[in-house]
Amino acid sequence: EAQVTQNPRYLITVTGKKLTVTCSQNMNHEYMSWYRQDPGLGLRQIYYSMNVEVTDKGDVPEGYKVSRKEKRNFPLILESPSPNQTSLYFCASSLSYPRLGGSTDTQYFGPGTRLTVL
Amino acid sequence: SQQGEEDPQALSIQEGENATMNCSYKTSINNLQWYRQNSGRGLVHLILIRSNEREKHSGRLRVTLDTSKKSSSLLITASRAADTASYFCATDDNTDKLIFGTGTRLQVFP
């Protein structure tokens, strides 16, 4: 089954304790990205990746790191989490890039990771 | 920067009625997409309209795009209780970012 998986689904942690949220897709997609969703703010893109070893900042990259060592995986790293990073996080992937303007831009979303930083 | 702004923020209707929600954006785009989100879950793609298209249909969904006004609308006809969800538009801003709006929360009462 074609899917995007994220782990963990729920996480409660404390300020400053490094954490990683994993994301994996099995569709051989080129484009992967991370979003955070906060009430009243919609989804905001944190980082995106157009291929292996190619990553770029989205609109809210501060406090986050990513890596793309393999095509299928795109982990999100919080080196020193703070309470303002409490949010619902989504990973998504698509076959091609948004700028190409085609049906292959369709984003497939993971189920979400609800993170609470105390 | 928030590219897409949906309007209204919330909409309540009865089953069988039509629901219209609007999206405005700021820069030129290559395409605009609409997504649906059931409470707390991942978004699901509904429909994509390219910048050179004016209208597109998919089942009970009708999307229009007016690039001169930088706006799009999503019409759901003959709504059902199962259409209750949040709806988001998403655009590229001629870069490889994808920018989502703040969403319209639709409640359909049986």
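The rules we used
Residues numbered from 1 in each chain as written. Chains lettered and ligands numbered in written order. Predicted model: local features only at pLDDT ≥ 70, side-chain atom pairs only at ≥ 80, totals over all residues. Heavy atoms only, no water. Contact = heavy atoms within 4.5 Å. Buried area = accessible area lost by both parts, 1.4 Å probe. Salt bridge = Lys/Arg side-chain N within 4 Å of Asp/Glu carboxyl O. Polar contact = N/O pair within 3.5 Å; in protein donor to acceptor, adjacent residues only side chain to side chain. Helix = DSSP H or I, 4+ residues; strand = E, 2+ residues; numbered from the N terminus. Buried < 20%, exposed > 50% of the residue type's maximum accessible area, 1.4 Å probe, protein only. Pairing = 2+ DSSP bridges. pLDDT = per-residue confidence, 0-100.

Undergrad: Please clarify how the interface of chain B and chain A should be interpreted in this entry.
TA: A common way to express how large an interface is: the accessible area buried when the components associate. In this complex, chain B contributes 25 residues to the contact, which on the side of chain A involves 29 residues. When the two sides are added together, the surface that chain B and chain A hide from each other amounts to roughly 2,000 Å², 50% of it contributed by carbon and sulfur. Of all residues in chain B, B:Asp96, B:Lys97 and B:Leu98 bury the most surface against chain A, accounting for 31% of the area lost on that side. The salt bridge partner of B:Lys97 is A:Asp59, with a shortest N-O separation of 3.3 Å. The interface formed by chain B and chain A contains five residue pairs in polar contact (both at pLDDT 80 or more). Those elements giving two or more residues to the side of chain B that touches chain A turn out to be strand S4 (31-37), strand S5 (43-50) and strand S10 (99-100) of chain B.

Undergrad: Got a minute to help me understand the pairing of strand S5 (residues 42-51) of chain A in this structure?
TA: Consecutive side chains of a regular strand alternate in pointing toward one face of the sheet and then the other. All names here are of chain A. The buried fraction of S5 amounts to eight of the ten residues, a majority that puts the element mostly inside the structure. As defined by bridge partners, strand S4 (residues 31-38) adjoins S5 across seven bridges and the pair is classed as antiparallel. Within S5, the residue paired with Gln 37 across the bridge is Leu 43. Hairpin connection between S4 and S5: a loop of three residues separates the two successive antiparallel strands, and Gly 40 in this loop has a positive phi of roughly 80 degrees. Pairing of S5 with strand S6 (residues 54-57) involves four bridges; the strand directions are antiparallel.

Undergrad: In this structure, what is going on with the confidence of the model for chain B? I would like to understand it.
TA: A low pLDDT means the predicted coordinates there should not be read in detail. When pLDDT is averaged along chain B, the result is 91; 96% of the residues meet or exceed 70. When pLDDT is averaged over each element of chain B, strand S7 (residues 61-66) of chain B comes out on top at 97 and strand S1 (residues 5-7) of chain B at the bottom at 81.

Undergrad: Would you mind showing me how to read the side chain of B:Ser72 here?
TA: Residues and elements named next belong to chain B. You can see Ser 72 is positioned in strand S8 (residues 71-76). Within the local environment of Ser 72, its side chain forms a polar contact with the backbone oxygen of Thr 64, the two atoms lying 2.8 Å apart. The residues touching Ser 72, leaving out its near neighbours within four places in the chain, are Met 21, Asn 22, Cys 23, Leu 32, Trp 34, Val 63, Thr 64 and Leu 65.

Undergrad: Got a minute to help me understand the side chain of B:Gln33 in this structure?
TA: Here B:Gln33 shows up in strand S4. For B:Gln33, a relative accessible area of 0% puts it in the buried group. Within the local environment of B:Gln33, its side chain forms a polar contact with the side chain of B:Tyr35, the two groups lying 2.6 Å apart. What B:Gln33 contacts, discounting residues up to four positions off in sequence, is A:Asp105, A:Thr106, A:Gln107, B:His45, B:Ile47, B:Leu48, B:Phe88, B:Cys89, B:Ala90 and B:Leu98.

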